[in-house]
Amino acid sequence: MAITIQKLIQYKQQQRPIVVLTAWDYLIAQLLDDSGVDLILVGDSMAAVWGYQNTLPISLEEMIYHAKAVRRGVKQALMVVDLPFMTYQESVTQAMRSAGKVLKETGATAVKLEGGYPQMIDTISRLVQAGIPVMGHVGLTPQSVNQIGLRQQGKTEESRDRILQEAIALEQAGVFSMILEHIPADLAFKITQKVSVPTIGIGAGSHCDGQVLVTSDLLGLSEKQPPFAKVYTNLRETITQAVGEFSKEVREGKF
Ligand SMILES: Nc1nc2c(c(=O)[nH]1)N[C@@H](CNc1ccc(C(=O)N[C@@H](CCC(=O)O)C(=O)O)cc1)CN2
Ligand SMILES: CC(C)(CO)C(=O)C(=O)O
Ligand SMILES: [Mg+2]
């Protein structure tokens, strides 16, 4: 049975950890789905496969293009798509148009938006009222890289309190789940206890309701990855070796 938002919330109640990974194409999506991953995120971290240095340049059209390929590989998991930078921050109307376009054109179940400041809370609340499931994202929000860099957030008492309040506001706005990125483990734990919707951590300790990694990091395919990413295998090495062997055989006339 395919995973629903209701089921995901039940997982939190049952304290069953939620497995989340990113996918950017059909091949990976289908492998992740077959492996029983609960939620597949078409993240704007896909910027890396376009050779962009951060997530800011990715467009809504590029996200949709990849999300359509991912959709064909997803049969069981819940599929969520990141709204890219400047396709939802301007106004409720802009967010509504972008989210609507993503859901209509890709068949994804939900969208993810970064930020928990008052205007974003209002936007998310309006999307939810319109029937669009929203995943929140607080702590380190990579689309604000030019303002806050990529450092851990929630280091000062003031910042800790702000992130906690944002998480509570997100729950009240109606998100079905939220990402907690690059914050201290004890803060992530506090938020996880406080909100009734599942928290999915990345660089936020092991006490969240679920964990997410960028799949190319886990596979050792990324050019570079954040310090909190665990690399489970080294695909860069495997690929380089395989390509080297093929090249050698071709050049020696053995292939
Ligand atoms: N592939 C990959 N791309 C990503 C993410 C990921 O998960 N993996 N996640 C998002 C970016 N998040 C981060 C978070 C932290 C860092 C990082 O490297 N932080 C250093 C500081 C770096 C700095 O200050 O310049 C630290 O020590 O905290 C990089 C990307 C989007 N893109
Ligand atoms: C996985 C996560 C949360 C990392 O920022 C994400 O949003 C992405 O991959 O784009
Ligand atoms: Mg993202």
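Source: prediction; values computed, not measured.

### Comments concerning the site of ligand 2
No. 1: Neighbouring residues of ligand 2: 13 residues in total, closest D44, S45, D82, K112 and E181.
No. 2: A distance of 2.9 Å separates an oxygen atom of ligand 2 from a polar side-chain atom of D44.
No. 3: Between ligand 2 and S45 there is a distance of 2.6 Å, counted from an oxygen atom to a side-chain nitrogen or oxygen.
No. 4: Its free accessible area being 280 Å², ligand 2 has 96% of it covered by the protein chains.
No. 5: Residues belonging to the shell around ligand 2 are distributed by class as follows: 5 nonpolar, 4 polar and 4 charged.

### Some thoughts on the coordination of the magnesium ion (ligand 3)
No. 1: At the metal site, the magnesium ion (ligand 3) is ligated by D44 (OD) and D82 (OD), and these contacts range over 2.1 Å. Within this pair, whereas D44 is found in the loop between β2 (39-42) and α3 (60-73), its partner D82 is found in strand β3 (residues 78-82), the two being separated by 38 residues in sequence.
No. 2: Judged by its relative accessible area of 5%, D44 falls in the buried class.

### Points about the packing of helix α5 (residues 118-129) against helix α7 (residues 157-173)
No. 1: Between α5 and α7, the shortest axis-to-axis distance is 8 Å and the interhelical angle comes to 25°. Accordingly, the angle class assigned to the pair α5 and α7 is roughly parallel. By crossing handedness, the relation of α5 to α7 is classed as right-handed. Packed against α5, whose contacting residues are I121, I124, S125 and V128, the element α7 presents E166, A169, L170 and A173 at the interface.
No. 2: In terms of residue class, the contact of α5 with α7 is built from 6 nonpolar, 1 polar and 1 charged.

### Overview of the site of ligand 1
No. 1: Near ligand 1 lie 15 residues; those nearest to it are L150, R151, E181, H182 and D217.
No. 2: Here a nitrogen atom of ligand 1 and a side-chain polar atom of E181 are 2.8 Å apart.
No. 3: Interatomic distance of 2.6 Å between a side-chain N/O atom of D217 and a nitrogen atom of ligand 1.
No. 4: Residues of the shell around ligand 1, tallied by class, amount to 8 nonpolar, 4 polar and 3 charged.

### Some thoughts on the UniProt feature "active site" (unreviewed entry) in the protein chain
No. 1: The sites that carry the UniProt feature "active site" (unreviewed entry) are, in the present numbering, E181.
No. 2: Its location among the elements puts E181 in strand β6 (residues 177-181).
No. 3: Beyond its immediate sequence surroundings of up to four residues, E181 is in contact with H137, V138, G139, L140, P142, I202 and F228.

### Focus on the pattern of salt bridges
No. 1: For the structure shown, the criterion picks out 8 salt bridges.
No. 2: Residues joined in a network through salt bridges with shared partners are K248, E252 and K254.

### Brief notes about a nonpolar patch on the surface
No. 1: Taken together, V49, W50 and Y65 make up a surface patch of nonpolar side chains, about 340 Å² in accessible area.
No. 2: Residue placement: W50 occurs in the loop between β2 and α3.
No. 3: Judged by its relative accessible area of 37%, W50 falls in the partly exposed class.

### A word on the packing of aromatic side chains
No. 1: For the structure on display, the rule yields 1 aromatic pair.
No. 2: Where F246 meets F255, the ring centres are 5.2 Å apart and the plane angle is 85°; that geometry is what we call edge-to-face.
No. 3: On the basis of relative accessibility, which here comes to 70%, the residue F255 falls in the exposed class.
No. 4: The cationic tip of R16 hangs over the ring face of Y11; the distance from NZ or CZ to the ring centre is 4.1 Å.

### Considering the UniProt feature "binding site: 3-methyl-2-oxobutanoate" (unreviewed entry) in the protein chain
No. 1: In this structure's numbering, the residues bearing the UniProt feature "binding site: 3-methyl-2-oxobutanoate" (unreviewed entry) are D44, S45, D82 and K112. These annotated residues cover 69 residues of sequence, but their C-alpha atoms sit close together, with the largest distance between any two at 12.6 Å.
No. 2: The exposure class of D82 is buried, given its relative accessible area of 3%.
No. 3: Sequence-distant contacts of K112, defined by excluding residues within four places in its chain, comprise L41, V80, V81, D82, L83, M135, G136, H137 and I179.
No. 4: Reaching out from K112, the side chain makes a polar contact with the side chain of D82 at a distance of 2.7 Å.

### A word on the packing of helix α4 (residues 92-106) against α5
No. 1: Running from amino to carboxyl end, α4 crosses α5 at an angle of 45°, the nearest separation of the two axes being 9 Å. Regarding the angle of α4 to α5, the classification is oblique. Note on packing geometry: the crossing formed by α4 with α5 is right-handed. Across the interface between the two elements, V92, A95, M96 and A99 of α4 pack against D122, T123, R126 and L127 of α5.

Quick notes on the rules
Residues numbered from 1 in each chain as written. Chains lettered and ligands numbered in written order. Predicted model: local features only at pLDDT ≥ 70, side-chain atom pairs only at ≥ 80, totals over all residues. Heavy atoms only, no water. Near = heavy atom within 4 Å. Polar contact = N/O pair within 3.5 Å; in protein donor to acceptor, adjacent residues only side chain to side chain. Areas by Shrake-Rupley, 256 points an atom, 1.4 Å probe, with all protein chains shown as cover. Nonpolar A, V, L, I, M, F, W, Y, C, P; charged D, E, K, R; others polar. Donors = N, O, S within 2.8 Å, 3.2 Å for Na, K, Ca; no water. Helix = DSSP H or I, 4+ residues; strand = E, 2+ residues; numbered from the N terminus. Buried < 20%, exposed > 50% of the residue type's maximum accessible area, 1.4 Å probe, protein only. Axes fitted to C-alpha atoms, helices over the stretch in contact; angles between N-to-C directions. Parallel < 35°, antiparallel > 145°, perpendicular 65-115°, else oblique. Left-handed = near helix turned anticlockwise from the far one by under 90°. Contact = heavy atoms within 4.5 Å. UniProt positions renumbered as here; feature names shortened; annotations may be inferred. Salt bridge = Lys/Arg side-chain N within 4 Å of Asp/Glu carboxyl O. Patch = residues over 30% accessible without salt bridge, like charges linked within 9 Å, V, L, I, M, F, W, Y side chains within 5 Å. Phe/Tyr/Trp six-rings, centres within 6.5 Å; stacked < 30°, edge-to-face > 60°. Lys NZ or Arg CZ within 6 Å of the ring centre and 35° of its normal.

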